[in-house]
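One-letter residues, chain by chain:
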Amino acid sequence: ARQGAFEAWRLLERLEGVLSRFIEGSEVGQINRLKAGQWVRVGDETLRCLQIAERIYRQTAGAFDVTIGPVSACWAGMGEGQQRPDQEALDQAILKTGMDLLEINPAEYAVGVKADGGVIDRGGIGKGYALDRMAELLEEWQLGNALLLSGPSTVLASGPGPAGGGWPVRLRYPDPAGGQIEQFNLRQGAVSATGTLARGVHVIDPRRGEPVR
């Protein structure tokens, strides 16, 4: 178990190194610095994650979009009920958003962009993708009965749980005094939660550039 966990942490570190837009030289960071018409070679993990993101983008008619970076930046730091971003800046950000502006060439392991100023923000998929990959690795180590947590927001339950009835998971308000919202047993599934109470406005519909209520 200790060896398998060590390998899972090594995998997580590697994923962070290629997928984080905050790490200098990461593959996602390199994509974000591309100009219109430019391409960059990427590895298997980045390609796989972007292909999943593209599929979900199509399935949700654009409601889920990892290229939301320019729109998210307009709303950064704003809480509920605060002044809106400048509408002209928001309109310009929407024009820089959309998976259709991203080109993915699986055969060449390459990613290109069709417009300047795009920013991939894998915040909506990065944790889940990493947990999925770690669960796959633990399964190879015959450690398929495990609970994986990525901070307080995202949890993946692999296997039947400690007693076969699932893993106990609680959903609560970020304020300890706020109490519990829900408790359930999670089995072979995942839950991710967020809210504006602690983080302010950050769940955005990329098609409209407006917060989701």
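Relevant structure appears above.
The shown structure was predicted, so the numbers you read here are calculated from the model rather than taken from an experiment. (Residues numbered from 1 in each chain as written. Predicted model: local features only at pLDDT ≥ 70, side-chain atom pairs only at ≥ 80, totals over all residues. Heavy atoms only, no water.)

A. Representation of helix 6 (residues 126-140). Relative to the 21 Å expected for 15 residues at 1.5 Å per residue, helix 6 spans 22 Å between its end C-alpha atoms, a close match to the ideal helical length. The inward-facing, buried residues of helix 6 abut helix 1 (2-19), helix 3 (44-59), strand 4 (146-150) and strand 5 (154-158). With its phi angle positive at about 60°, Gln-142 sits one or two positions after the end of helix 6. (Helix = DSSP H or I, 4+ residues; strand = E, 2+ residues; numbered from the N terminus. Expected span 1.5 Å × (residues − 1). Contact = heavy atoms within 4.5 Å.)

B. Molecular detail of the sheet that holds strand 2 (residues 102-105). Spatially, three strands are ordered 1-3-2 in an open sheet, and the strand pairing comes out antiparallel. For this open sheet the edge positions go to strand 1 (39-41) and strand 2, each flanked by a neighbour on one side alone. Strand-to-strand twist in this sheet, taken as the mean axis angle between neighbours without regard to direction, amounts to 20°. Examined bridge by bridge, strand 2 and strand 3 (residues 110-113) share four bridges and lie antiparallel to one another. Bridging from a neighbouring strand, Ile-104 pairs with Val-111 of strand 3. Those strands touched by helix 3 are strand 2 and strand 3, and its axis lies near 125° from that of strand 2. (Pairing = 2+ DSSP bridges. Axes fitted to C-alpha atoms, helices over the stretch in contact; angles between N-to-C directions.)

C. Expanded view of the pattern of salt bridges. Inspection of every chain in the model, using the stated rule, returns 12 salt bridges. As a salt-bridge pair, Arg-207 and Asp-205 come within 3.0 Å of each other at their nearest N and O atoms. Between Asp-205 and Arg-208 there is a salt bridge; the shortest N-O distance is 3.4 Å. For Asp-205, a relative accessible area of 8% gives the class buried. Residue Arg-208 is classed as partly exposed on the basis of its relative accessible area, which comes to 45%. (Salt bridge = Lys/Arg side-chain N within 4 Å of Asp/Glu carboxyl O. Buried < 20%, exposed > 50% of the residue type's maximum accessible area, 1.4 Å probe, protein only.)

D. Main features of the side chain of Arg-133. Among the secondary structure elements, Arg-133 is positioned in helix 6. Setting aside its immediate chain neighbours within four residues, Arg-133 contacts Leu-11, Arg-14, Leu-15, Glu-45 and Arg-48.

E. Here's a closer look at the sheet that holds strand 5. Spatially, three strands are ordered 4-5-8 in an open sheet, and the strand pairing comes out antiparallel. The sheet is open, and its two borders are formed by strand 4 and strand 8 (189-192), each paired with just one other strand. In this sheet, adjacent strand axes meet at a mean angle of 10° when their direction is disregarded. In the packing of helix 6 onto the sheet, the strands contacted are strand 4 and strand 5, and the crossing angle to strand 4 comes to about 155°.

F. The arrangement of the environment of Ile-104 in detail. Position of Ile-104 relative to the elements: it lies in strand 2. According to the relative accessible area criterion, Ile-104 is buried, its value standing at 19%. Separated by 72 residues in the primary sequence, Ile-104 and Pro-176 place their C-alpha atoms 44 Å from one another. Apart from residues lying up to four places away in sequence, Ile-104 is in contact with Leu-47, Leu-50, Gln-51, Glu-54, Met-99 and Ala-110.

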